[in-house]
Amino acid sequence: MKNIFLVLCFCLSTAHAGTTSTTYTYLSEWGGPGTENGKFYFPYGIAVDKKGNIYISDYSNERIQKFDLTGAYQTQWGSKGTGNGKFHHALGVAVDSKGKVYVADTLNSIVQVFTPAGDFLTQWGGLGAGDGQLENPVAIAFNRTGQVYVVDSSNNRIEVFTATGKYLSQWGSLGADPGQFNNPTGIALDSRGNVYIGDTKNNRVEKFSPTGKFLAQWGEKGEGNGQFNSPGGVAINERDQIIVADEENYRVQVFSAAGTYLTQFGTEGNDNSQFKAPSGVAVDPQGNLYVTDWVSDRVQKFKLEGK
């Protein structure tokens, strides 16, 4: 672990009218490659519950690991397989308002649900393109009533379920037009229930109403402010700002809910505040931001300044 007392301030913030400027500063990190407790082999999805527990999908170690807000290891569960509580390269993890942990078990094409301690509760899905079926689900989010939004990546759609897995609705199809997707991999909901999708191969973020009505989009392939190269994980902070892991640009970008570019941080590398492949992003109850680095096998923690 690198020195957690080293704090690097990124003064790449952009002031916007009527609000505080947005700046994230490096706080700490944990992880490293390996199979031991607290180590990772391609960490991807990340979620934080109301109590401050952090859950990370450890993709190639076929497990979910649980940490506290300092990165101290708590527990883990999972192994490779197809039975209850087993995974085949699970990418997404999310926690609902009751503390239940939902896992997008990607290559098994199911969603599995667990207690905070990792006890299996239920599962749904199954390989296919029909209503309620899935093909490579990668991310999960919830609205305020507890409905579950699943990014069904290879079917290029969003499916909506009840908390128990009953199919409700869907939207999306393969393409580059508004409301279509090409390998979407990130999802987050704002305080109004609007849905933001990291549309990875279209190099954009799309915004929808809670019922899936297309509202807006932004981004295109490139390295400039507001451009993307394989955007993935999406999170929303307490200011309803949209945080996007811009994976192949080795950075994190932040936008207003309308898609206005605000700031960014990160460059390519393995030092503090650098990334090799930022993938998952999540915000804790104190507003701190956590970023999983798919290639560097670590998690970095950042503080939102000006709170």
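Fair warning: this is a prediction, and the values are worked out from it, not measured in the lab.

Bringing the nonpolar core into the picture now. Core analysis: the biggest nonpolar cluster contains 19 residues, and Tyr-149, Ile-158, Trp-171, Ile-187, Val-195 and Ile-197 have the highest contact counts within it. With 3 residues, strand E10 (residues 137–142) is the single largest residue contributor to this core. The contacts of Ile-197, once residues within four sequence positions are left out, are Ile-158, Phe-181, Pro-184, Gly-186, Ile-187, Arg-204, Val-205, Glu-206, Phe-208 and Val-234. Counting 15 residues, the second largest nonpolar core, distinct from the first, contains Ala-235, Val-252, Phe-275 and Leu-304.

Time to look at the pattern of salt bridges. In this structure the tally under the stated criterion is 8 salt bridges. Put simply, Arg-157 and Glu-159 hold a salt bridge, and the shortest N to O gap is 3.4 Å. With respect to class, Arg-157 is no different from Glu-159; both count as buried. Between Arg-251 and Asp-246 there is a salt bridge whose closest N-O contact spans 2.8 Å. Connected through shared salt-bridge partners, Asp-152, Arg-157 and Glu-159 make up one network.

Strands sit in the order E14-E15-E16-E17 across an open sheet of 4 strands; the sheet is antiparallel. Both outer strands of the open sheet, strand E14 (184–189) and strand E17 (214–218), are each paired with one neighbouring strand and no more. Adjacent strand axes in the sheet meet at a mean angle of 20° when their direction is disregarded. Here 5 bridges tie E14 to strand E15 (residues 195–199), and the two strands are oriented antiparallel to one another. Opposite Ala-188, over in E15, you have Tyr-196 as the bridge partner.

Reading the values: rules and limits
Per chain, residues are indexed from 1 in the order of the written sequence. For this predicted model, a pLDDT threshold of at least 70 governs which residues receive local features, and a threshold of 80 or more governs which side-chain atom pairs are given and counted, while totals over whole chains, interfaces and linings are taken from all residues. Side-chain metrics in this entry use all non-hydrogen atoms of the structure; hydrogen atoms and water are not considered. Think of a nonpolar core as a cluster: buried Ala, Val, Leu, Ile, Met, Phe, Trp, Tyr and Cys residues, connected wherever their side-chain atoms sit within 4.5 Å. Summary of the burial criterion: residues with accessible area below 20% of their type's maximum are buried, those above 50% are exposed, and those between are partly exposed, where the area comes from a 1.4 Å probe applied to protein chains only. Strands here are runs of E lasting at least two residues and helices are runs of H or I lasting at least four, both read from the DSSP assignment and numbered beginning at the N terminus. The criterion used for residue contact is that any of the two residues' heavy atoms lie within 4.5 Å. Definition used for salt bridges: Asp or Glu carboxyl oxygen within 4 Å of a side-chain nitrogen of Lys or Arg. Note: two strands are recorded as paired if DSSP finds a minimum of 2 bridges between them. Under this scheme, a helix contributes an axis fitted over its contacting stretch, all axes are lines through C-alpha atoms, and angles between N-to-C directions fall in the 0 to 180 degree range.

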